Amino acid sequence: AAEITLRMVDGSQRLVVIGDEMPLGSKRALRVDGADEVTITSSWFVSDIEREVDDWRSREVAEILENDIASIDIEYGADSIRAVRLEDQWQLLRPLKDMADGDHLGSLVSDLASMRIGEFLDDDADPEELGLELPEYELTIIRTDGGPPLRLDLGVTREGDSGTEVACRRGDGEYFWASETVRTRLSKAPVLWRSKKVMPFETWDAEELRVTTPEGSTNLVYDGNFWQFADDAEADLTRVQDRLRALAALEATDYDLMAPLTREMGTVEVVFEAEDDDRERPVLTFSFHAPLEEGGRAMVQVSGRDTVMGVEVGDAEAVLANLDDLRPE
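Here is what the cut-offs are and how they apply
Residues numbered from 1 in each chain as written. Predicted model: local features only at pLDDT ≥ 70, side-chain atom pairs only at ≥ 80, totals over all residues. Heavy atoms only, no water. Helix = DSSP H or I, 4+ residues; strand = E, 2+ residues; numbered from the N terminus. Rg over C-alpha atoms; globule rule 2.2 N^0.38 Å. Buried < 20%, exposed > 50% of the residue type's maximum accessible area, 1.4 Å probe, protein only. Contact = heavy atoms within 4.5 Å. Core = buried A, V, L, I, M, F, W, Y, C linked by side-chain atoms within 4.5 Å.

Chemist: I tried to follow the overall build of the protein on my own but got confused; where do I start?
Modeler: On a plain count of helices and strands, the protein comes out with five helices and 20 strands. Over its C-alpha atoms the protein spans a radius of gyration of 29 Å, topping by over 25% the 20 Å that the globule rule assigns to 329 residues. Oriented by its inertia axes, the alpha-carbon framework of the protein measures out at about 95 × 50 × 40 Å. Across the 329 residues in the protein, those meeting the buried criterion constitute 37%. Looking at the protein alone, contacts between residues at least 24 apart form 53% of all its contacts between residues at least 6 apart.

Written out as structure tokens, the structure reads:
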């Protein structure tokens, strides 16, 4: 009924010859490597062999992880997005240069990895009929390992058995229908692909926290177990982490504001552990300025981003509040 040839990594081959189904039960007779002996076995595995050709093809659209990606290019009508991944951080190069929204790009990669093919189409499929002559979206992903780029075009949609599907072209001409969830991520306006967070960081990586305001300055140092003030008094660990989390979670409400001309509310420096003994410790510097008008947003500049951002005044004040409040009661 069937023959299976297994080519082994050492160059040898194994041959399994499968007979018809035997009477009185779902059994099959096998002959292995031309031996005289006949082996009787359960026949459940035959259903895996008797698949149609399409059933042997992977249903994954893109087998890819975020760490595998060097850059993503997206063309959408007249809009163009380009993001590159440098040292675990996404940077936006088009339509403007700024830190990219890493959460959004990570979700986009997850959506691509979870896309499944519902139906394969013949090579002679009509691109115009599928909306792929002028695709709605064109994606190009460059891999960090130098492997072939992933090119994916998205066209028209239809209602399939398991929901809405989109016509896709992968590479130079592999056509199929696939789940269309990724289109929701792609529809975001290009200027909104920049990071909402002013400058996210891992709070547990901080080794020193310096806050300077018009009222004075305070330093906190982490010795591996405790946060301490300059006078060696121990700080409340939970409260320090809450203050660092508030700084790491700070979100911009506006971008590309004019250089601040208002009074300075204060400066915060977060110092991190150096990657090795020969390098200086990395420092993030946040400079806060008062709103231009009553009820307006405070302004902040941060090292690593060439833009002046607006933030809620209450969020800025929470970060700059007197660090003596961090002393245990």
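On we go.
Chemist: Even after reading the chapter, I still don't get the environment of Asp20, so can you show me in this structure?
Modeler: Along the chain, Asp20 turns up in strand S2 (residues 13-21). Residue Asp20 is classed as exposed on the basis of its relative accessible area of 59%. Excluding residues within four positions of it along the chain, Asp20 makes contact with Ala1, Lys27, Arg28 and Ala29.

Chemist: Please clarify how the environment of Gln89 should be interpreted in this entry.
Modeler: Tracing the backbone shows Gln89 in strand S7 (residues 89-94). C-alpha of Gln89 to C-alpha of Ala100: the two residues are 11 residues apart in sequence and 8.0 Å apart in space.

Chemist: Where do I start with the nonpolar core in this structure?
Modeler: What tends to happen in soluble globular proteins is that the nonpolar side chains get buried as a cluster. Ranked by internal contacts, the top residues of the largest apolar core, which has 35 residues, are Val268, Phe286 and Phe288. Secondary-structure elements contributing two or more residues to this core are strand S14 (206-213), strand S16 (227-229), helix H4 (237-248), strand S17 (264-272), strand S18 (283-289), strand S19 (298-302), strand S20 (309-311) and helix H5 (313-320). Contact partners of Val268, with chain neighbours within four places excluded, come to Leu209, Arg210, Val211, Leu247, Leu284, Thr285, Phe286, Phe288, Val319 and Leu320. In this structure, Leu105, Ile117, Phe176 and Leu186 belong to the second largest nonpolar core, which totals 31 residues.

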